[in-house]
Structures are given as C-alpha cells and as structure tokens.
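Topology and contacts: notes
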Amino acid sequence: MQKIFNPRLVPALMAIAFSGSASAAGFQLLEQNASGLGNAYAGSAAVADNASTIYFNPAGMTQLQDREVSMGGTLVKTSFDFKDNGSSVGTLAGSGNGNDGGTLGFIPNAYMSWALSKDVYIGLGMGAPFGMKTEYDDDWVGAAHSISFEIKTINLNPSIAWRANEWLSLGFGLNWQRVEAEYVRKVATGVVGVPPFNAFPASTVKLTLDDDSWGWNAGALFKLAPQTKLGVSYRSSVKYDTKGKTETSGPSSALNTAGSVDAKAEIKMPDTFIVSLAHGLNDRVELLGDVSWTGWSSIPKVDIVRASGAASGTIAQVLETDFRDTWRVAVGTNYKIDETLKLKFGLAYDQTPVKDAEHRLTSMPDNNRTWFSAGAQWKLNKTTAIDVGAAYLYLKDAEINNNQSQTAMTVAAQSTNRGTVKGTYDDSAWILGAQFSMAF
C-alpha cells in the first residue's frame, strides 16, 4: 500500500510515544487511556465514556456527544530483579545479577471524535499498543543474551462508527503502525579458522530495526437494556518486514567493520479479541467485566538475518520465543459519590505468552500477573472530566533456564556460544495515569 504519512514526522512522534515498559503480558500496552486504568481496563469495549473508545471499540463513538477530545498519559515503572542460580557464561566472561533490568516509561495517548450526523461518527486516535524496555549492567552474567532490549511503537487509528438502530452500533478503523527496536548484547569475536576464536571477548553488537505497516480494527456495541451494554471488538495482527543494521564495537577495528552489516527480520504482532460488559446496578453503582484473547502464537520465533556482507542471507541469531496465545480476565466497579465525583476499582488476571523457563528470555522476563487498580473521575462540568488511576501489578516469580550454548561460528566472526542464564526473576510494576476529556 502506498505510504500516505509524512515520514519526517515519525521521529518526533516516536519520541512523544515513548513506550519504554510493558505492563500487560508480553510487550502489549493496555494503557491506551488512563480513564480505564482505575478499573484494570474491565469493560474496555463497552464503557464508551470518552473518545478513547476509538481504540478499544470504535462503535462506542455513537455514545458520545457531537465533538469530543480526550488526551492523557501513563507512567509505568517495571522491576525485573534477577537472582543467579547456576548460570554459565560460555565464551564470554561475565558476573553479577545485572542490577534491576526494569525501567521507567511514559505512554501518551490522544483521541478526537466528531459526529457527521445523528448516527455517523468519525474519529482519530494515537497511542502505543506495544512497547517495552529491559536494561542490565554491561558485564552481568547474561550479557551475551542481552544488555538492553527496547521496542517502541506508534499507532494512528482513523475510525468510523454507525448507529444502526437504538440497540446496535458498528465501528471500523484502519491502523498505521510503526515499530522501532534496539537490541544490544556482548559477543566474542575473532577470525573463523584461526584459534582462539574468542580473541576479542569485550566486543558489543547493537541491532536496530524499524518498519511501518497497516492493520485494522472493528467492533460492535449492543445496548441490551437502558443500563446494560455489551461490547465486542477485534484488532488485527500487523506484519512487519523490518530492516536495519548491526554495529559491532570492540578492540579490533577490522572485526568491527566485518561485524557491522545490514540486517532484517520479520515479525507479526498479535491480534486481539475483547468481550466486555457494563451494567448499571443502580444510580450509584456500575459493574464492569472483560474477557480478552491475544494471539501471541504469531511470534513462534524471530530470525535475525544478515542483509549484506560476505554472509548475506544467513541467520545471525534466532530469538526462540515460542509464544502461546493468552487470556486476560478483568472485573471492576464504579461508585458515584455525587454528580461530580466517581470512584473506580478493578482486579485483573493477565496470562503471559512465555511457556516455560527454557523459553523465557532475559530481554523479556515475563510471567503471569495480577492487577490491583483504583482511580477516580472528577467532572468539572457537564462537558469536561479528569480521570486519574493507579495500578500495582503482582507477578509470580519467573524461573529462567535459557540455554544458548551452541558452538557454531560464522563468517561475521561472532560466536553463538552465549552460555546459559539460570535463576529467578522477582518482577513487579507500578502504573500511574491521568486523562483529560472534553466535549464541545
């Protein structure tokens, strides 16, 4: 498809949409608004109380006023605290637990909806649906697996909604999505056939990749009763053919040049399906529920392929993710104190796509998580509201026993004997968010 977006805007938008720390399982980011954070995003496809419904269910725009804007952001602080339990470093020297691999990230969002007629609405959303970052000490025991790993995305989502009748609304959207990734690790370099191969064990290789692509999303909103709404939505997978380069730095300038080549990798971001319910129990209490599925099996592995040099077309490294599809269940409630103040509470269980300790990567030491959320909405007047929310994510201790001790060597002069990382991660995360919404 012909690119219709000005690429000169991309660096600025990527800087704004910095998504440094994954909060949902895998490297998915649910923080597409802060108004749902207090409910742990229960009822996400059914609530439709501001323009951020464009992301979770575009059909919800028919529940809004003629023109609405919503914008906000969330801070995510992750902790990935590793404890070694018998790791081996292969051909590279390294020691220590790497310090805390977690980071602090900021995830912004912005939305606008517009009624073209009584029953037809259009909208535009901007957010970051995927992102994460892990960062360790340069010389830790797992430095040959990863020193740092970062994924950033930005998603632009033009949408349309149609009210078919009083009880059914339908919505559809296109998604232009861009991804940037950076991966840094230690390597042992040398000349193939000239021992010792790991003559320069202090070298570092940095891989950078990027691409943009298109996807789509659709949803339906059913008004089952005056106080009851059922929402269903689907967001398609997005396939990337990323391109970039590897840059090797170390004691040998000749081997740095030999190890610095173009690179490419294919990755297919997962699709998602959500079923949500919002029910007003009475004038003060609203109950919310959410069941969602994410197709993480779209990433069984990632082949990083050399795209230039003497070894062009060969695989430089394989990330053996072997992801599984996952489920997420959330429940929440809202309690209206008065016409200006509403309290929000939520609880969720979020399944990880990581199957076991053998497939857990140091770049993504993920595990099943439980969300404990609370928040509030303050209505300044009938058309303006401020939402705030916070969540603590408790993650079960994550065992890792990732063996990358193969001894193959390549023309690019980088050994794949990266050793075994074995131990336990003590993981957790905090999320804080705020949202401003206004109708005009």
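Above this text you will find the structure in question.
So, here is what we can say about the structure in this document.

1. Points about the overall build of the protein
- Along the backbone of the protein there are three helices and 20 strands.
- Contacts in the protein between residues far apart in sequence, at least 24 positions, make up 72% of those at least 6 positions apart.
- Looking at the protein as shown, the accessible area adds up to about 18,200 Å², and 60% of this sits on carbon and sulfur atoms.

2. Details of the environment of Leu104
- With respect to the helices, strands and loops of the structure, Leu104 is situated in strand 2 (residues 104-115).
- In sequence terms Leu104 and Ser79 are 25 residues apart; their C-alpha atoms lie 9.1 Å from each other.

3. Considerations on the pattern of salt bridges
- Here the structure, examined in full by the defined rule, presents 13 salt bridges.
- Where Glu247 meets Lys245, a salt bridge forms, and the shortest distance between an N and an O atom there is 3.9 Å.
- With relative accessibility at 33%, the residue Glu247 sits in the partly exposed group.
- Residue Lys245 is classed as partly exposed on the basis of its relative accessible area, which comes to 40%.
- For Asp366, the salt bridge is made with Arg369, and the minimal N-O distance between the two is 1.8 Å.
- Among the residues examined, Asp366 registers a relative accessible area of 4% and is labelled buried.

4. Digging into the pairing of strand 10 (residues 262-269)
- Burial along strand 10 is one-sided: the residues Ala263, Ala265, Ile267 and Met269 are buried and none of Asp262, Lys264, Glu266 and Lys268 is.
- As paired elements, strand 10 and strand 13 (residues 302-306) share two bridges and run antiparallel to each other. Bridging from a neighbouring strand, Ala263 pairs with Arg306 of strand 13.

5. A look at the environment of Ser113
- Relative to the helices and strands, Ser113 resides in strand 2.
- As for Ser113 and Ala161, which are separated by 48 residues in sequence, their C-alpha atoms are 9.8 Å apart.
- Filtering out sequence-adjacent residues up to four positions away, Ser113 remains in contact with Ala51, Met61, Leu64, Asp66, Arg67, Glu68, Ile122 and Gly123.

6. Looking at unusual backbone geometry
- Positive phi, normally seen in glycine, also occurs at Ala40, with a value near 55°.
- On the accessibility criterion, Ala40 (0% relative accessible area) is buried.
- Of note in this structure, Ala48 is not a glycine but carries a positive phi near 50°.
- Mapped onto the elements, Ala48 comes out in the loop between helix 1 (10-16) and helix 2 (53-56).
- Note on Ala48: relative accessible area 10%, which makes it buried.

7. Examining the nonpolar core
- If you look at the biggest cluster of nonpolar residues, it comprises 33 residues, and the most contacted ones within it are Leu37, Tyr41, Met61, Trp371, Ala391, Leu393 and Ile431.
- Among the elements of the structure, helix 2, strand 2, strand 11 (272-280), strand 18 (384-395) and strand 20 (420-439) are those that each provide at least two residues to this core.
- With sequence-adjacent residues up to four places away left out, Met61 is seen in contact with Thr53, Ile54, Ser113, Tyr121, Ile122, Gly123, Ser159, Ile160 and Ala161.
- The next biggest cluster of nonpolar side chains, apart from the first, holds 23 residues, and it includes Val179, Leu207, Ile299 and Phe323.

8. Concerning the pairing of strand 20
- Examined bridge by bridge, strand 1 (residues 67-84) and strand 20 share 17 bridges and lie antiparallel to one another. Across the sheet, Glu68 pairs through a bridge with Ala439, a residue of strand 20.
- Examined bridge by bridge, strand 18 and strand 20 share eleven bridges and lie antiparallel to one another. Paired with Thr384 across the two strands is Met438, which belongs to strand 20.
- Where strand 19 (residues 398-403) meets strand 20, six bridges bridge the pair, whose relative direction is antiparallel. Pairing of Asn402 across the sheet is with Val421, part of strand 20.

About the criteria used
For every chain, the first residue of the written sequence is number 1, and numbering continues from 1 onward in sequence order. Whole-chain, interface and lining totals are the exception, using all residues; otherwise, since this is a predicted model, local features are given only for residues with pLDDT of at least 70 and side-chain atom pairs are given and counted only at 80 or more. Calculation of side-chain values draws on the structure's entire complement of heavy atoms; hydrogens and water are dropped beforehand. Where helices and strands are cited, they refer to DSSP runs of H or I of at least four residues and of E of at least two residues respectively, numbered from the N terminus. Here, residues are in contact when the closest pair of their heavy atoms is within 4.5 Å. Method for areas: the Shrake-Rupley scheme with a 1.4 Å probe, in which residue coverage is limited to the protein chains shown. A carboxyl oxygen of Asp or Glu within 4 Å of a side-chain nitrogen of Lys or Arg is what we treat as a salt bridge. Burial classes follow relative accessibility: with a 1.4 Å probe on protein chains only, a residue under 20% of its type's maximum area counts as buried, one over 50% as exposed, and anything between as partly exposed. Pairing between strands is defined by DSSP: at least two bridges between the two strands are required. Nine residue types can take part in a nonpolar core, namely buried Ala, Val, Leu, Ile, Met, Phe, Trp, Tyr and Cys, and a core is a set of them joined through side-chain atoms within 4.5 Å.

All quantities given are derived from atomic positions and should not be read as evidence of function.
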